[in-house]
Amino acid sequence: MPLFDRLFGKRPPKPAPVDAVRQIIERFTTATHAGVDAEDIGRYPHKQRKVMAFHFGALEYLTKEYSLDETGELAVFVMFIDRYFNLPVTETGSISELLESFASNVDEQEYLEAGIDVFRRWHEQNERRAPLQLGEMLQRK
């Protein structure tokens, strides 16, 4: 019967695009953590913003691939911020200010663009060591 069920049974529903993007970003974030000193990031807010910008770059790349709108992109980013930076929901209103900073701050813009490139290499070219670049970048500056 298990063979019959696998061949003709109900297939689990395909995850919604937002859920699929969230799952991929979580795997990518896990890969980036291998090269990052979490305590160091916790002590320095400017490093936190760089890490956020890096991951937002990856998220931007992925939302284009999944054709998510801005609302979906922001939803995934808020979930990311909440999970990895413990930002209280009351402070998520400052997300728009954070995103503006990524676009206007030269250092954060560099991390955003690196996030796009590293994610592409990790996701499309299967470069498993690419996410370690985040840790290398944080050590340089």
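Since this is a predicted model, take the numbers as computed values, not measurements.

Scanning the protein from N- to C-terminus turns up eight helices and zero strands. Walking the protein from its N terminus toward its C terminus, one meets helices and strands in the order α-α-α-α-α-α-α-α. In the protein, the share of contacts with a sequence separation of at least 24, taken over all contacts with a separation of at least 6, comes to 73%. For the protein, the accessible surface area stands at approximately 8700 Å², while carbon and sulfur atoms represent 53% of it.

With that settled, consider the confidence of the model for the protein. Predicted confidence across the protein gives a mean pLDDT of 88, with 85% of residues reaching 70 or more. The element-level mean pLDDT for the protein is lowest in helix α1 (residues 2–8), coming to 63, with helix α7 (residues 106–124) highest at 96.

Here the focus is the environment of A53. In this fold, A53 is placed in helix α4 (residues 45–65). Residue classification places A53 among the buried positions, given a relative accessible area of 0%. In this structure, the C-alpha to C-alpha distance between A53 and F102, residues 49 residues apart in sequence, is 6.0 Å. Excluding its chain neighbours within four sequence positions, the residues that come into contact with A53 are F102, E108, Y111 and L112.

The next subject is unusual backbone geometry. Unusually for a residue other than glycine, S67 sits at a positive phi of about 55°. Mapped onto the elements of the fold, S67 is located in the loop between α4 and α5 (70–85). Assessed through its relative accessible area of 63%, S67 is described here as exposed. Although it is not a glycine, N126 adopts a positive phi angle of roughly 60°. Structurally, the position occupied by N126 is in the loop between α7 and α8 (133–140).

Turning our eyes to something else, we now look at the pattern of salt bridges. Inspection of every chain in the model, using the stated rule, returns eight salt bridges. Note that R83 is salt-bridged to E26, the shortest N-O span being 3.0 Å. In this pair, R83 sits in helix α5 while E26 sits in helix α2 (residues 17–33), placing the two residues 57 residues apart along the sequence. The salt bridge involving D40 is made with R43; its shortest N-O contact spans 3.8 Å. Here D40 pairs with R43, and both are found in helix α3 (residues 38–43), just three residues apart, close to one helical turn. When its relative accessible area of 17% is taken as the criterion, D40 is described as buried. When salt bridges that share partners are traced, they join D117, R120, R121 and E127 into one network.

This part is about the packing of aromatic side chains. Following the criterion strictly, the structure yields eleven aromatic pairs and no others. With centroids separated by 6.1 Å and ring planes inclined at 20°, the aromatic side chains of F77 and F80 adopt a geometry described as stacked. Here F77 pairs with F80, and both are found in helix α5, just three residues apart, close to one helical turn. No difference in accessibility class separates F77 from F80, as the two residues are buried. Of the aromatic side chains, those joined through ring pairs into one cluster are F56, F77, F80, Y84, F85 and F102.

Analysis parameters
Within each chain, residues carry numbers counting from 1 in the order of the written sequence. The model is predicted, so local features are restricted to residues of pLDDT at least 70 and side-chain atom pairs to those at 80 or more, both for listing and for counting; the totals for chains, interfaces and linings are taken over all residues. For side-chain calculations, the full set of non-hydrogen atoms in the structure is used, while hydrogens and water are omitted. Numbering of helices and strands runs from the N terminus, with a helix taken as a DSSP run of H or I at least four residues long and a strand as a DSSP run of E at least two residues long. When checking whether two residues touch, look at their non-hydrogen atoms; a contact exists if any pair is within 4.5 Å. In short, Shrake-Rupley with a 1.4 Å probe defines the accessible areas, and a residue's cover is counted only from the protein chains shown. Confidence of the predictor at the level of single residues is given by pLDDT, which spans 0 to 100. Whether a residue is buried, partly exposed or exposed follows from its accessible area with a 1.4 Å probe, protein chains only, as a fraction of its type maximum: under 20%, in between, or over 50%, in that order. Take a side-chain nitrogen of Lys or Arg and a carboxyl oxygen of Asp or Glu: if they are within 4 Å of each other, that pair is a salt bridge. The criterion for an aromatic pair is that two Phe, Tyr or Trp rings (for Trp, the six-membered ring) have centres within 6.5 Å, with stacked assigned to planes under 30 degrees apart, edge-to-face to planes over 60 apart and tilted to the rest.

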